[in-house]
Amino acid sequence: MDVSHILNDLNDAQRQAVAAPPSNMLILAGAGSGKTRVLVHRIAWLIQAENMAPQGILAVTFTNKAAREMRERIDELLNIPTRSMWVGTFHGLAHRLLKAHWQDAGLPQNFQILDSDDQLRIIKRIHKELALDETKWPPKQSQWFINGQKDEGKRAAHIEVYGNDLYQKTMLAVYLQYEQACERQGVVDFAELLLRAHELWLKNPRLLAHYQQRFQHILVDEFQDTNAVQYAWLRVLAGKQIPIAAVGDDDQSIYGWRGAKIENIQQFARDFANTQVIKLEQNYRSTATILGAANAVIANNTERLGKELWTEGGEGEPISLYTAFNEQDEARFVVERIEEWVKQGELRAQSAILYRSNAQSRVLEEALIRAGMPYRIYGGQRFYDRLEIKNALAYMRLINNRHDDTALERVINTPTRGIGGKTVDVVRSYAREHGSSMWQALANVVEQKLLPARASNALLAFVALIDSLDSGTDELSLDELADEVIKSSGLIEFHKKEKGEKGQARVENLQELVVAAKQFDASDEELSPLQQFLDEAALDAGEQQADEYEDSVQLMTLHSAKGLEFPLVCLVGMEENLFPHKMSMDEASGIEEERRLCYVGITRAMQKLYLSYAESRRMYGNENFNAPSRFIREIPTEYVEEVRLNTTISRPASYAPAVNGNGYDVPGTGISLGQPVFHQIFGSGTVVNFEGQGSSARVQVNFDDEGSKWLVLQYANLEAL
Ligand SMILES: Nc1ncnc2c1ncn2[C@@H]1O[C@H](COP(=O)(O)OP(=O)(O)OP(=O)(O)O)[C@@H](O)[C@H]1O
Ligand SMILES: [Mg+2]
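None of these values were measured; they are calculated from a predicted model.

## A short note on the packing of aromatic side chains
For the coordinates displayed, the defined rule picks out 16 aromatic pairs. A centroid spacing of 4.6 Å and a plane angle of 35 degrees characterise the contact between phenylalanine 268 and phenylalanine 272, whose relative ring orientation is tilted. By the burial criterion, phenylalanine 268 is buried, and phenylalanine 272 matches it. Each residue in the set Trp86, Phe90, Trp201, Tyr211, Phe215 and Trp233 is aromatic and connected to the rest through ring pairs, giving one cluster. If you follow lysine 562 out to its NZ or CZ, it ends over the ring of phenylalanine 62, 3.7 Å from the centre.

Here's what the structure looks like:
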């Protein structure tokens, strides 16, 4: 068998890594040096040259998308079926194991994955039951505590409270109740997936032995961001016999806040015998200018293992730096640059806008919409995270498992069907007192006449609805069921009646769910298609969005950009307090993690990089005046060119009479573009456009929940926020 093609297009160091005899290996190298490429070629090599069976390969990637791409690349290189290969994220692989061995893992067969919203909902309820004051004990803090403990491999039973520490005592009480609630409902949160998968090895030596025989090689990408449980899981699985190849870059460790441990890199060579350490030093991704800037920024970090990166690539264009007047101006600038890019015949999909916080996306999205430019948010408000989709899925979850209280609470009165908060309270307390699910409690509460007749009837109607939907599941295909659910539940009618674009979008999303169900490929014969669909929805969380195939600008947070590359990158919001983030500034290690995030951002760019910051920025309803980010100063000036534009926005300081639609202030009204406002009916939103002036002025407001509306200022009674 000719294997030479697997070694083509690799440099010497890469080739050495790809073709090495199977052994423990650590590839430690900077961004764009071909780590992921080496991993893919290594797998192909192991199969073709070392005769390993595809099912002997276990590969861990950082996202589901990366897993799909890895499989495709191997298909291309080898032209053999790779379905039996295990490729996925830690969470995906853990889920697969738990589904296959639910009994050994102590889980119900139809256990559900709990996403972070639903997790918070359960924790809120526990806080209520424990009568914790929400201002003193924010549920988010408990959520953070619980997940942090699980990431460290600790269950409530493992936690010792020292002395009379009120914080620890309280957190432990919440954690204990939370464990019970999850157990009762048969739900598993993200951190739990990993923890259970790890315990599965420890509790079932025979099962472990089975997988140790099956897998002949383990490979891990983005190793610098593995947390304690993930590392322990790998270590136990690998044992002394399975070689493991890990690739990573300590300078790109950006999930410390979620428990990732850079130290795992140093630990690796100690824990895995005869580890061969390979360094890759040539960058193939970026121009010399971009690489020079990235190297200069990261050089300011003290805690580094130390690596060199060089490129044969040319100098390329300078990095452009734009000082925007405010966030609207910044968004407009970025969109114009991308328009220019597209005019030169380039693809939109080759351009990316990267930002530190999700909340920054809205203004950018609005500017893109105004310019009629398709865009896609990668890893942001994902399809399966959208409210209407989660509601529809909750119905399906309830059909699948009546004891899923979280799903029940979500939809019992959505859309409204006369089951008020008080009724739900009665059902909830009943369930709690009797240690039953809410579904069981429903029947008892009605039977024992604990509620007024009207409330009881409403509950009975709800029970009948779910039962009748369920009775159809055997005959209906998955998409027919989804269609039936969105119709019979009243969800689609409800959103149709909602006015504005948002309602329309929600209706479209629900219809899209039926399409998704139709396209769904239920491959596991042992589980019902519904169960598999729900699992996939919860796990994949819509990394694949509806418009994936349309040529669109890519928007994402810096965290989601890891491992990706784009010819054109716009890195926005380069301001102190925003990036580096305010929350990180108290500790040196926090700043270093932000700097690594900046290094990740810069090194995503292949040809051209734009940096921008806004002198004033409205976020979360406040106007902020932040200094330019320190990371800008850390880039040597020789790489940077400042952009000056004739901006059409006049600054309030040098107030000039505004022209319709062009100026900043709406003349004679005290309202300005970009201003957050509140409307009695439509809620909060932002002024994005206007016509006329004074008492005849009309303004266009983008409401957070109600979409965009034109309002006559005089009658709208807008409250400036
Ligand atoms: N020997 C090579 N010849 C040509 N191109 C290469 C070579 N090695 C890598 N590349 C290209 O360089 C780019 C970066 O490679 P890759 O994504 O594997 O780097 P990485 O080290 O995984 O980066 P990151 O740290 O950002 O994940 C890719 O476009 C890849 O195809
Ligand atoms: Mg990579």
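## Topic: the UniProt feature "domain: UvrD-like helicase ATP-binding" (unreviewed entry) in the chain
The sites that UniProt annotates as "domain: UvrD-like helicase ATP-binding" (unreviewed entry) are residues 8–287. Annotation note: span residues 8–287, helix share 50%, strand share 11%, distance between end C-alpha atoms 23 Å.

## A word on the side chain of asparagine 24
Within the element layout of this structure, asparagine 24 appears in the loop between α2 (12–19) and β1 (25–29). Within the structure, the side chain of asparagine 24 is placed 2.9 Å from the backbone oxygen of alanine 273, a separation counted as a polar contact. Aside from chain neighbours lying at most four places away, what touches asparagine 24 is Ile242, Pro243, Ile244, Phe272, Ala273, Asn274, Thr275 and Gln276.

## A short note on the site of ligand 1
By nearness alone, 19 residues border ligand 1, and Lys35, Arg37, Gln252, Glu565 and Arg604 come closest of all. Between ligand 1 and glycine 32 there is a distance of 3.0 Å, counted from an oxygen atom to a backbone nitrogen or oxygen. Between ligand 1 and the protein, one listed contact pairs an oxygen atom with a side-chain N or O atom of arginine 604 at 2.8 Å. In isolation ligand 1 exposes 640 Å². Once the protein is present, 83% of that is buried. If one sorts the elements of the shell around ligand 1 by residue count, helix α3 (residues 35–48) sits on top with 3 residues. Class assignment of the residues belonging to the shell around ligand 1 gives a composition of 3 nonpolar, 9 polar and 7 charged.

## Describing the sheet that holds strand β19 (residues 676–679)
Reading across from one edge, β22-β21-β20-β19-β23 is the order of the 5 strands in this open sheet, with antiparallel pairing throughout. The open sheet has two edge strands, β22 (707–712) and β23 (719–720), and neither has a second partner. Relative to β22, strand β21 (residues 698–703) runs antiparallel, the two being bridged by 6 bridges. Each residue of the ladder has a partner; that of valine 701, found in β22, is lysine 709.

Criteria and cut-off values
- Residues numbered from 1 in each chain as written.
- Chains lettered and ligands numbered in written order.
- Predicted model: local features only at pLDDT ≥ 70, side-chain atom pairs only at ≥ 80, totals over all residues.
- Heavy atoms only, no water.
- Phe/Tyr/Trp six-rings, centres within 6.5 Å; stacked < 30°, edge-to-face > 60°.
- Buried < 20%, exposed > 50% of the residue type's maximum accessible area, 1.4 Å probe, protein only.
- Lys NZ or Arg CZ within 6 Å of the ring centre and 35° of its normal.
- UniProt positions renumbered as here; feature names shortened; annotations may be inferred.
- Helix = DSSP H or I, 4+ residues; strand = E, 2+ residues; numbered from the N terminus.
- Polar contact = N/O pair within 3.5 Å; in protein donor to acceptor, adjacent residues only side chain to side chain.
- Contact = heavy atoms within 4.5 Å.
- Near = heavy atom within 4 Å.
- Areas by Shrake-Rupley, 256 points an atom, 1.4 Å probe, with all protein chains shown as cover.
- Nonpolar A, V, L, I, M, F, W, Y, C, P; charged D, E, K, R; others polar.
- Pairing = 2+ DSSP bridges.

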